[in-house]
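Observations on the three-dimensional arrangement
The residues making up each chain are set out below.
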Amino acid sequence: MTALLKLSGASKKFGGLVAVNDVSFGVEKGESLGLIGPNGAGKTTTFSILMGEHRPDSGSVEFRGRPITNVPTHRRVQLGIARTHQIPKPFGGMDVFENVRVGSMPDSIWRLIAEREPEHAEWEIMESVGFGEREARMLPGQLSMGELRKLELARTLATNPEILLLDEVFAGLTVGEIAQLTQLLLERKRQGMTYMIVSHDLRSLRPLVDRVIVMSFGSLIAEGEFDAVMADEAVREAYLGHARTEERGVVDGTA
Amino acid sequence: MPKSRFHRSLLYWLAFGAFMCLIPLVASTGVVRLLIFANFLAIFAMSWDIISGRTGYISFGHPFLIGIAGYTTAILTRHLDAPLFVSIPLAVLATLVGGTLFFLPALRIRGTYFALVTLAFMELMYQLTQVIAPKITGGTRGLSGLKTIILGAVPNYYLTFCVMFAIAFCLWLITRTRIGTALAAIRMDEEAVTALGLSTLKLKLFAFGASAAVAGIGGALYVHYIGSIAPRALFDINFLFTILVAALLGGSGTIAGPILGAYFLTFLLEYLRPYLPGAERYFIYGAITLVVYVLEPRGLHSILERAYGKLSPIVARGLAK
Ligand SMILES: Nc1ncnc2c1ncn2[C@@H]1O[C@H](COP(=O)(O)OP(=O)(O)O)[C@@H](O)[C@H]1O
Ligand SMILES: [Mg+2]
């Protein structure tokens with residue numbers, strides 16, 4: 001069985017820093033793959049390589065068995081790959097609903113001008129993340145961090161992706177919002193959506209993923225089922241070593 | 001709800017058109033001639049705003065686009081004796097080609113650098129008209145004695161107003177569709193637009209093409225209205241800033257804004273002329289623009305809209321009594 005999305009031998013340097021070092025993995029259709037690792041491990045950069053926002057120094061990306069390493073980002077989105085950003089990037093001057101509408105726009109000048117715009121698909125997405133009429137007319141500047149994340153997710157869902165790369169979706173969300181989002185993601189998963197999820201909140205990640213891969217200092221250090229990976233010595237070392245130097249409780253999810 | 005808003009806006013456009021058509025019946029020839037210039041300035045300001053107001057790519061080179069159109073039709077009619085109905089469309093076409101050239105830097109650079117490169121385009125064109133083939137371009141003195149389309153202030157007023165109005169109406173119809181939203185999204189965050197699966201290249205190319213076409217129409221008509229083309233007045237920083245200020249003062253990112261700004265600025269400059277005959281005028285309008293900008297960054301358009309919002313309930317209540 002060939003992977004839906006596959007990364008092979010990808011490396012990316014920023015100056016002297018190796019952010020991603022010879023990383024390979026595949027995501028099967030319908031699978032939900034967790035990507036974890038301490039801060040600065042190269043998770044976000046890996047997403048950027050998959051999306052074509054960063055060109056890898058070496059290695060290749062394949063989607064449905066076809067190489068897409070040289071395909072520009074917007075084409076990859078049209079093929080069915082989309083991501084959310086760790087730092088939400090809403091269009092500040094337009095309201096929430098308009099933001100979501102940009103996500104569903106066709107990439108054709110003519111269709112943008114001439115087609116009537118049915119709005120029910122956008123409203124469905126809005127509702128699925130818990131946005132109603134009131135939020136629809138709000139500007140991104142008026143939203144909380146949690147709402148900004150939901151907007152980022154809604155806008156990305158509007159591109160109708162086959163595989164969704166989620167970067168730190170739970171950061172800044174309340175317990176209630178995390179539960180709501182988990183329901184939404186599981187619902188979509190049942191409908192066949194494929195995921196890759198980066199999260200520091202391991203406890204919230206656990207029910208969502210079938211499998212996890214772990215990065216540390218740019219390299220893949222472990223791969224397997226959630227609990228098995230968490231018991232892995234190298235993984236504990238990577239997390240605890242990091243927690244000790246930076247005094248961050250990144251392992252709290254494993255408790 | 002959106003439908004009724006559409007109809008209301010349509011009504012405003014019609015009212016504006018009807019009002020402007022009545023003006024020559026009451027206004028003096030002097031005012032009518034001023035309005036002709038205002039119509040041209042409105043066309044140029046709308047053209048500037050399609051690129052700069054919508055997508056945020058600030059152009060300092062619009063005189064370059066206007067110049068391509070002006071010189072093309074001037075040369076074709078002057079040296080080849082081409083009729084206007086041939087030379088003007090060709091001039092617009094040439095401007096479209098020039099607009100694509102103009103567009104190339106936008107593939108790689110943005111912000112201040114883009115603005116500076118477009119400024120360089122304008123300067124380059126100025127030098128070219130002087131150095132390369134001055135026999136054809138008329139060198140420093142330019143070309144004069146060009147054909148005019150029609151004679152008389154009032155016919156020219158109607159001509160320029162109809163062209164300006166048609167352009168404005170078309171742009172309004174286009175930009176109120178999703179393409180307007182997409183262009184605005186580019187201004188706010190170009191990477192995010194790409195990440196949502198849209199080709200920003202295509203969208204920018206569209207905006208640049210539309211801007212060039214409008215500048216081309218305005219530029220070609222302009223030289224046949226004044227009957228000459230003078231490089232020093234055309235490729236002039238003051239001319240450039242008049243366009244820019246008209247759009248910003250009126251309210252960029254809208255259609256009515258640049259028109260409003262162009263009318264306001266034309267009359268302002270004219271009424272300042274007796275007191276400030278020289279270039280000091282430009283300081284004054286710089287200051288006024290600054291004040292308006294501080295009060296309301298979205299320009300006169302927005303100030304009027306708000307005033308209307310406050311007034312209309314009062315008027316409605318008055319009428320109900
Ligand atoms: N655009 C960039 N320029 C330079 N260094 C970068 C850039 N993006 C990321 N890095 C560096 O690459 C490393 C990996 O970053 P990132 O992929 O964001 O890690 P993670 O998402 O796992 O926290 C970090 O050390 C970071 O500082
Ligand atoms: Mg990250």
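Let us look at the structure shown here. (Residues numbered from 1 in each chain as written. Chains lettered and ligands numbered in written order. Predicted model: local features only at pLDDT ≥ 70, side-chain atom pairs only at ≥ 80, totals over all residues.)

1. Points about the overall build of chain B
We count it as follows: By the criteria applied, helices consist of DSSP H or I runs no shorter than four residues and strands consist of E runs no shorter than two, each listed in order from the N terminus. Computation of the radius of gyration draws on C-alpha atoms alone. For the globule rule, the value is 2.2 Å times the number of residues to the power 0.38. Counting other C-beta atoms within 10 Å of a residue's C-beta gives its exposure: the residue is buried at 20 or more, exposed at 12 or fewer, and partly exposed in between, where C-beta atoms are placed from the backbone. Any residue pair is listed as a contact if its two C-beta atoms, each placed from the backbone, are within 7 Å.
Helices and strands together make up the secondary structure of chain B, namely 15 helices and 0 strands. In summary, chain B has a C-alpha radius of gyration of 20 Å against a globular reference of 20 Å for 321 residues, a match within 12%. Judged by the C-alpha coordinates and their principal axes, chain B covers about 70 × 55 × 40 Å. Burial statistics for chain B: of 321 residues in total, 44% are counted as buried. Across chain B, contacts joining residues at least 24 apart in sequence account for 77% of those joining residues at least 6 apart.

2. With respect to the overall build of chain A
Along the backbone of chain A there are 11 helices and 10 strands. Taken over the C-alpha trace, chain A has a radius of gyration of 18 Å; the compact-globule value for 255 residues is 18 Å, and the two agree within 12%. Its C-alpha atoms give chain A principal-axis dimensions of roughly 55 × 40 × 35 Å. Taking all contacts inside chain A whose residues are at least 6 apart in sequence as the whole, residues at least 24 apart take part in 66%.

3. Things to note about the packing of helix 3 (residues 96–103) of chain A against helix 5 (residues 120–128) of chain A
Residues and elements named next belong to chain A. Where we set the bar: Each axis is a line fitted through C-alpha atoms, and for a helix only the stretch in contact is used; angles between axes span 0 to 180 degrees, taken between their N-to-C directions. Handedness of each helix crossing follows the sense of rotation of the near helix against the far helix: counterclockwise by less than a right angle gives left-handed, clockwise gives right-handed. Under the scheme applied here, ten amino acids are nonpolar (Ala, Val, Leu, Ile, Met, Phe, Trp, Tyr, Cys and Pro), four are charged (Asp, Glu, Lys and Arg), and all others, including Gly, are polar.
Where helix 3 contacts helix 5, the axes come no closer than 10 Å and their chain directions differ by 115°. Of the two elements, helix 3 crosses helix 5, and the hand of that crossing is right-handed. Contact residues: Phe97, Val100 and Arg101 in helix 3; Glu122, Ile125 and Met126 in helix 5. Partitioned by chemical class, the residues of the contact of helix 3 with helix 5 number 4 nonpolar, no polar and 2 charged.

4. Some points on the interface of chain B and chain A
Across the boundary between the two partners, chain B contributes 20 residues, which contact 22 residues of chain A. Elements supplying a minimum of two residues to the side of chain B that touches chain A: helix 8 (178–188), helix 9 (190–195) and helix 10 (200–226) of chain B. Broken down by element, the residue count for the side of chain B that touches chain A peaks at 7 residues, all from helix 8 of chain B. Residue composition of the side of chain B that touches chain A, by class: 12 nonpolar, 5 polar and 3 charged.

5. Topic: the packing of helix 3 (residues 62–79) of chain B against helix 10 of chain B
Residue and element names in this part refer to chain B. Threshold: Between 65 and 115 degrees an angle is taken as roughly perpendicular, under 35 as roughly parallel, over 145 as roughly antiparallel, and anywhere else as oblique.
Viewed as axis vectors pointing N to C, helix 3 and helix 10 meet at an angle of 50°, and their least axial separation amounts to 7 Å. By the angle between their axes, helix 3 is oblique relative to helix 10. Crossing hand, helix 3 versus helix 10: right-handed. Residues His62, Leu65, Ile66, Gly67, Ala69, Gly70, Thr73 and Ala74 of helix 3 form the contact with helix 10, whose participating residues are Ala212, Ala215, Gly216, Gly218, Gly219, Ala220, Tyr222, Val223 and His224. Here the residues of the contact of helix 3 with helix 10 are counted per class, giving 9 nonpolar, 8 polar and no charged.

6. Looking at the site of ligand 1
All names here are of chain A. We count it as follows: Here is the check we use: build the C-beta atom from the backbone, and if it is within 6 Å of the molecule or strand, call the residue near.
Phe14, Leu17, Ala19, Gly37, Asn39, Gly40, Ala41, Gly42, Lys43, Thr44 and Thr45 make up every residue found near ligand 1. Those elements giving two or more residues to the shell around ligand 1 turn out to be strand 2 (17–27) and helix 1 (43–51). Considering each element in turn, the shell around ligand 1 owes the most residues, 3 residues, to helix 1. Taken together, the residues of the shell around ligand 1 break down into 4 nonpolar, 6 polar and 1 charged.

7. Re the pairing of strand 10 (residues 219–224) of chain A
Residue and element names in this part refer to chain A. Worth spelling out the cut-off: Should DSSP find at least two bridges between two strands, the strands are taken to pair.
Two elements, strand 9 (residues 211–216) and strand 10, share 5 bridges in a ladder whose sense is antiparallel. Considered in strand 10, the bridge of Val214 is made with Ala222. Taken together, strand 9 and the strand that follows it, strand 10, pair antiparallel across an intervening segment of 2 residues, in which Phe217 is found at a positive phi of about 50°.

8. Regarding the sheet that holds strand 5 (residues 66–67) of chain A
In any sheet, the strands associate via hydrogen bonds between backbone groups, in a parallel or an antiparallel arrangement. Residue and element names in this part refer to chain A. Pairing within the open sheet is antiparallel, and its 4 strands lie in the order 2-1-4-5. Every interior strand has two partners, whereas the edge strands, strand 2 and strand 5, have only one. Bridge count between strand 1 (residues 5–14) and strand 2: 7 bridges; the pairing is antiparallel. Counted as the bridge partner of Ala10 is Val23 from strand 2.

9. Some remarks on helix 10 of chain B
Along an α-helix, residues three or four positions apart point the same way, because every turn accommodates 3.6 residues. Residues and elements named next belong to chain B. Short version of the rule: Given a helix with a known number of residues, its expected span is that number minus one, times 1.5 Å.
For helix 10, spanning 27 residues, the distance from its first C-alpha to its last is 38 Å, which sits close to the expected 39 Å at 1.5 Å a residue. The element helix 10 is largely enclosed, with a buried count of 21 among its 27 residues. Gly227 sits one or two residues past helix 10 and shows a positive phi near 80°.

10. With respect to helix 8 (residues 175–190) of chain A
With 16 residues, helix 8 of chain A should cover 22 Å at 1.5 Å per step; its first-to-last C-alpha distance of 23 Å lies within 8% of that length. After helix 8 of chain A finishes, the residue Gly192 of chain A shows a positive phi value of roughly 110°.

11. Some points on the environment of Ile136 of chain B
Take Ile136 of chain B: it is sitting in helix 6 (residues 134–137). Note: C-alpha distance between Ile136 of chain B and Tyr12 of chain B (124 residues apart in sequence) is 46 Å.

12. Focus on the sheet that holds strand 9 of chain A
Residues and elements named next belong to chain A. The strand order 6-7-8-3-9-10 describes an open sheet built from 6 strands, whose pairing is mixed. Pairing within the sheet leaves two strands with one partner each, and these edge strands are strand 6 (81–83) and strand 10. In this sheet, neighbouring strand axes are inclined to one another by 15° on average, regardless of whether the strands run parallel or antiparallel.

13. Considerations on the environment of Asp167 of chain A
Relative to the helices and strands, Asp167 of chain A is located in strand 7 (residues 163–167). Taking C-alpha positions, Asp167 of chain A is 9.2 Å from Leu35 of chain A, a pair spaced 132 residues apart along the chain.

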